[in-house]
Structures are given as structure tokens and as C-alpha cells.
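Listed here are the chains, written in short residue letters.
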Amino acid sequence: MTNKNTLRVFTKEKREELGDLFGIFFEDLNHAADGGLYAELIQNRSFEFNPIDNKDYHALTAWEKVERTQAKVEVTVEDSYPINEKNTNYLHLAIIEPGEGAGVMNLGFNTGIPVKQSENYLFSFYARCETDSPKQVTVTLEGKEGRSYAKSELSITSRDWQKYEAKLTATETDFSSRLVLTSKDKGNLYFDMISLFPEKTFKNRPNGMREDIAQMLADLKPKFMRFPGGCLVHDGSINADDRDSMYRWKNTIGNVEQRPARRSNWNYNQTLGLGYYEYFQFCEDIGAKPIPVLPAGYDPHHQRIVPIEELQPWIDDALDLIEFANGDTTTSWGAKRAELGHPEPFHMEYLGIGNEEVGEPFFERYEYFHKAIKDKYPEIKLINSSGPFAAGSEYDRGWKSAKENKSDLVDEHYYQSPEWFLANYHRYDEFRKNDPKVFLGEYASWGNTYYNALVEAAFMTGLEKNAHAVGLACYAPMLCNVDYVNWKPDLIWFNNHDVYGTANYFVQQLFMHHQGDYTLKVEANDLQNTNHSFYQPIVGTVNLGDGITPAHYYDIKIKNKDTGEEKCYSNCMVENDVVELDHIEWENYQLSLKAKKIGGNRGFKIYFGSLNNKNRLFWEIGGWQNQDSILCSVVNGRNSCLTQSLFTVEINKEYILELDVTGRQIRTFIDGSLINETEDKLPVIEPLYYSASVESSTGDIIIKVVNVQNTPLTAQVVLEGFNKDTIKGSIFEMSGYELDDENSFETPGKIVPNQKDITLSDNILDYQFPKQSITVFRFK
């Protein structure tokens, strides 16, 4: 049978090595660590919560007094006699009347502390009393109404801090229980580091990971894991001892009670119980290469900058980390790793310096890190940064730095609409093989629907086909606690007892399980594109103002560049609203005006090409943190930043703004200087998105095909050079879903790949790719 549409895979013609292409990214936002992957069940276990972390926090957040049947207690947090200098706060429980029980309870995360019938929970705390007479403390796991599920009695025997431990076995299942500490002895007790772990952690590690979440990550089979962030890497003070310091890896190792609490820039507290040693151990446990990211002594959010002459300790931190990961036990930091329980090296190959960096101070400092690390550890692959946007002056600055320094990879980040991903499918086609490779360290389309997953799968085939330019890629963010959402979409959602993977998760899993080691040559014959994008000029309403910042706009003109026709508009003061200027149907036009910011923390905003609030473009000058000029496109309510440059708007200063639209080409000028230049591309839907690879260890041939069209497409898949009488294989497919379908706690398996076996009598397969489908063939 001959088919007009043919995908011809040359199974003997290896092209580019795929290496460690697909992996995962862990960042502690959305309570991904505390209250998430880190299995600790007690919130605020060491009474270190502080308004620095969150304006609503205090030292007794998540704790309540317990006074039962005439009991009376006073609960305070003190710091005069701490267990150590890095963990200064502790609880003072003054029992005035013991009654039937006087003490405190912890509410845990989410609905409470989850316990399961017959499972064990490991309790520990540090405690002391004011006299040599022992005081009895009852440790109980209880339901909200006081029903006891597990109980243990501990005798506090010393005036000095001592650690006490107990094992609790739950008699019932309850995902909303509390940990209750009570005593019937009058007097004073002091507690710190109150901890409760499930005995079953991932791989049964002490201070370990929550088993179900960790297993989902292991089930992806990622090639690498990037950690610990994210903006939390560099957002903070330059003093390592400050509560709100930048993330300093040396603060995160050793005994957990010695690790200082840290303010997370995601508006909560980090215990750092999940630290660098645990990250490395976890990477080893799931077979992923570790990719740590370190700060470079520069906080672009608040312009905190370490002077060049004081940079050496920061560079030493990077060198020490490599020794900690890879050094033998005769080295200082290798010995420290062995002391923590891992004498064998972790075999770290990659190291990131900086995250989403913008501004010259970072790139000036990066050179010092790069030279020092390459001089001592030339085998380490160094990752530079290109900012948080897909294009623009800072993106270009990052790539310039990477090429000049000969960085191994450049960290690109972008969160965009599905339409942007389709329009930019060929983004890396023209990247040069000999340049630094792309590390697509954070990317996602806006949403967790099947449509998002489908489009991401199409884009990922392009990453594979461009393995000459793209070295690493990981979806982000990875984890989200449903009750503590800082950011969405996310790959995996969880509460305190349940977890599910999104449709995006199962796409990532398909690509990780079936990555292959080398790309193969593929020819698409007669694959006709019947979905040509039609040209569409940027027409629609022009509006002024961001609805937040008070600003004065005046001398406003819009000129038709083809006819010379010009429209002039009245001056306007915009405060808490957006002013509609006009509806423009011209294909090529120029908007010019003068603007002055009267107050506020942002700058100016100009909407154009507005069809409605969910479909429009805008130019924002001095937006978030008042440091950017960006051009963005909004499609179906989902935003894509097309390009970015640094710019800060001053109060009461006049600016001459000019927006130039030529077809879908857009340029912006401020005071006569070109600031932004971009094209708002429209997607051209490919008939099929595809890639092919071979797995070296098995010889398996892997073919991925994505059909984003609303109609099925039949094609002939030909395995050139794979000549056997019988070819066995498997087909993994996602299809038959509505585009807005999503997985959930109630229906976690709504969108998952289906698998079926296949046997071919020759090397040709006629296959109908369902509409809006993702198909992976794996031939043995």
C-alpha cells in the first residue's frame, strides 16, 4: 500500500547525541519543600517563623495552646538559652494548672497532619525542664475533636537540652490530625525542634522525602535535576548570616538543628531541612545528574551587589561545592560529605552560576567565577544565564557573555502562550552547533490542560531535532501544594496526603522514558501543510494606563504610515483606570505621545491591537519592579513576553514615547532611542511534529509524532535499514481528549498515555494519527 504522506526514518543514520536532554527542575515555591517533598509533618518546628518571612507570621504560627479541664498555661517563645546559635528560638511552656492536660498542639500543613492506620511516625524533640525532678510529657496524635490515634509518654529529666524520641503507630486514618504535647506536671518546660516524620520515606532515608511525591519524580526517569531554584537563589542580602540572605549552600548541610531558618522570597519560611546534601542524595536515588545553581553575589531584584574585591568568598563557595560533590575523602569538603554519610562522590558534572540574571553587574562577576572554576575544574560544564525572557537586550547580553567566556550552556527561561510555542517551533533551527548549548531551564505554556500538554509535546520534538543546539531542558515549576499556590501552572499537584500528575507530566514522562541517545535522520515526503497561517495585521483598540499607576499622557498622535493621515487626541490623566484612545484599522501606523508618571511603583502601559481583554498586545515601560520595557502578546488570556529591555521610569520626568507597528513588526522608542524590536509571529501549524532517535543500549528505534490539528492524518512510517522478517514494538499514545480536559485529585488518570503492542511483517507501518494526539513508537 502506498500512502501520500510518508515519514521515512533512516535507522542507521545517527545524527546528534541527545545526552542528558530531558530532566526536572526543583524550586521551593508553592511549598514544594516544607509541606511538600520534604517529609516533615510539623509546620514551624523550631519556632523560627518571623514577619520577615511573611507579614502574617509569628513565632507561634501553626501552634495553639491546649488547656483541658481546668488547665491553665502560658506559652511564650524565648531566645536566652537556645540549643545553638543558629536556632535561637524555643518554646517556654509554663503550666500553671495542669488539669487534665496542659500544653500545645501543632496544626501541620494543609488540613492538618496526615496519618494512616497501622503506619509508624517518628517523633523527636529537644526539651529541658527547670529542676532536676523529671516531668512527664504525653505525645499524642489526635483528631480535630480530640480522638487519640497514637500516644507515647516521655520523661524530661535534665535542665540542659536533650533530644528525646518516640515511635507512634496510628490506629486510624485521618488527614486532619494534630500533634499534641501535654503534661500534668505543674512548672516550666522548654521545647525546640519538634519533629514528626513518617517512618516510610522515599528509600527510607532519615530526614527524607515524602514517598508518594518522590516516587512520581522517580517515575519520570529524568536525566538530571536542577535545584534549588529559581529566584530564591539570588534574591536576598549579601550577608550569609542574615535571615533574608541569598541562598548559601553551606547553611543547608549538617545537622538540621544547626541549619538557620531562611526567608523564602516566595513569602514563607524555609527550614532548609531539605538542603544540598539531601538534594545530591535524592538525585542519586532517582538516577538524575545533579545541577546545582549558585548565586554570583548579585541580587538583580534589589540591586544588592558584592564588590569585585570582595567576590573571592563567593567564588570559594562554588569551588568548595564542587569539592563537596566530587572530592575524595582526603579533601576538606570531600571529608565533610563522608562525615554526613556519603564517602563516595556524587559525580557532579554541571554547575549553574546565577538565575534569570539581568544587568551588567552579574555578567561582570560571572567572568571571575568562570575563570576560577575552569582553571581548577575544567571538566565541570558551566551554565551561564540569559534572563527570564525569550528575547531582548538582556537575553542578548547573556548570550554575548556566554560566547565570550566559552560557557558550556546558557540558561534560557520563558513562560508563554501555547500559540507562542507553536509560532516558535523552529526557534533553535538556526542556532550554531559550536556555540554554547541551550539549557532550557524553565519553560511551560500557561495551563495544565490537554491542549497545553499537546503543544508542549510538539515543541519538545523540535528540541530533540535541534540537539545540536539544545543540551538540556526541564519544565517548570515542578511541584505545587494546592493550598499554598505561588505560581501556576505546575507539573505535579499535591495536598497533604494525595498527589497527581498533570497532562503535562505525562508528556514529560513519555519524552524522558523514550528519549534515545542519538537523533536519526527523518524525511517527511508529501506531508502537505493544509493549515497555512493567514496574514493578519495588528488592528484593534489603543488604550492608555495600567489601572494602577497615576500618569499624565499628552501630545498624543496616531499616524497612518501609508497615507500620512494623522489623528490627534486630548490630553488625559490616568489613575486607577485604563483610558480607551481609539480603534485603529490601519496596517502600518505610529503612535507618539509624551508621558509623565505622577506616583506609584510602576510606569506606563499602552495597549494596542486590542480585540478584547483576552486578545491584545501591550507595551509596558517600568512594569514589575520598575526595571523593564517589555512588549507582550496576549492570546486567549495567556501572556507571552515577546522581548524585553532594561528601563526604569522616574517620577515627574517627561518621556517621549513612540510605538511603531509595521504589519506584525513592532518597534518602540523612548526619547528617540530604539528600546524594543520584535515580531509577533502567528503560528503556522505543521501537518505533523515529529522526531526520531535510537537507544544505544537496546538498539530500539523511537519515533515521536504529534498531530495538533483537529482532523486525523494518515501517514506511512517507513523504517529504512531496519529490515527484519518480524518487527515487534509498542505504541504509547495520548488522544481522544477535549482540549480543556485536565487531571485532578478526583480524576488523576483522566489524561494518561495508553500502550499497545504492535508487530510488523515488514518495515512499513500505515498509521492514522488521531486528531490532537501524541504518539510514540518504540520498535525493538
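Let us look at the structure shown here. (Residues numbered from 1 in each chain as written. Predicted model: local features only at pLDDT ≥ 70, side-chain atom pairs only at ≥ 80, totals over all residues. Heavy atoms only, no water.)

### Section: the pairing of strand 29 (residues 540-544)
Counting buried positions over the five residues of strand 29 gives five, a clear majority of the element. Pairing of strand 29 with strand 33 (residues 579-584) involves five bridges; the strand directions are antiparallel. What sits directly across from threonine 541, in strand 33, is histidine 583. As judged from the three bridges shared by strand 29 and strand 35 (residues 604-612), these two strands associate in the antiparallel manner. Bridge pairing links asparagine 543 to tyrosine 607 in strand 35. (Buried < 20%, exposed > 50% of the residue type's maximum accessible area, 1.4 Å probe, protein only. Helix = DSSP H or I, 4+ residues; strand = E, 2+ residues; numbered from the N terminus. Pairing = 2+ DSSP bridges.)

### Some points on the pattern of salt bridges
Side-chain pairs of opposite charge can arise where the charged atoms are in close proximity. Applying the stated criterion across every chain, the model contains 48 salt bridges. In this structure, lysine 186 and glutamate 97 form a salt bridge, with 4.0 Å as the shortest nitrogen-oxygen distance. Of this pair, lysine 186 sits in the loop between strand 12 (174-183) and strand 13 (187-198) while glutamate 97 sits in strand 5 (residues 90-97), and the two are 89 residues apart along the sequence. Judged by relative accessible area, glutamate 97 falls into the partly exposed class, the value being 38%. Here aspartate 411 ties to arginine 226 by a salt bridge, and the two come within 3.4 Å at their closest N and O atoms. Taken as a pair, aspartate 411 in strand 22 (residues 409-416) and arginine 226 in strand 14 (residues 224-227) lie far apart in primary sequence, 185 residues in all. Taking the relative accessible area as the measure of exposure, arginine 226 reaches 0% and is therefore buried. (Salt bridge = Lys/Arg side-chain N within 4 Å of Asp/Glu carboxyl O.)

### Focus on the sheet that holds strand 27 (residues 499-501)
Taken in spatial order, the three strands line up as 25-26-27 in an open sheet, and their pairing is mixed. Looking at strand neighbours, the two that pair on one side only are strand 25 (479-481) and strand 27, the edges of this open sheet. The sheet shows a mean angle of 20 degrees between the axes of neighbouring strands, direction not considered. As paired elements, strand 25 and strand 26 (residues 492-494) share three bridges and run parallel to each other. If you follow asparagine 481 over to strand 26, its bridge partner there is phenylalanine 494. Running over the sheet, helix 1 (residues 211-220) touches strand 25, strand 26 and strand 27 and is turned about 15 degrees from strand 27. (Axes fitted to C-alpha atoms, helices over the stretch in contact; angles between N-to-C directions. Contact = heavy atoms within 4.5 Å.)

### Things to note about empty space enclosed by the protein
Scanning all chains against the criterion turns up six cavities of 30 Å³ or more. One number sums up the size of the largest cavity: a volume of about 110 Å³. Taken together, 16 residues form the lining of the largest cavity, with Ser46, Glu48, Arg259, Ala261 and Thr271 sitting closest to its centre. Classifying every residue of the lining of the largest cavity gives five nonpolar, six polar and five charged. (1 Å grid on protein atoms, 1.4 Å probe; cavity = no way out; pocket = protein on both sides within 12 Å on 5 of 7 lines; lining within 4 Å. Points joined across faces, edges and corners; volume = space filled by probe spheres on them. Nonpolar A, V, L, I, M, F, W, Y, C, P; charged D, E, K, R; others polar.)

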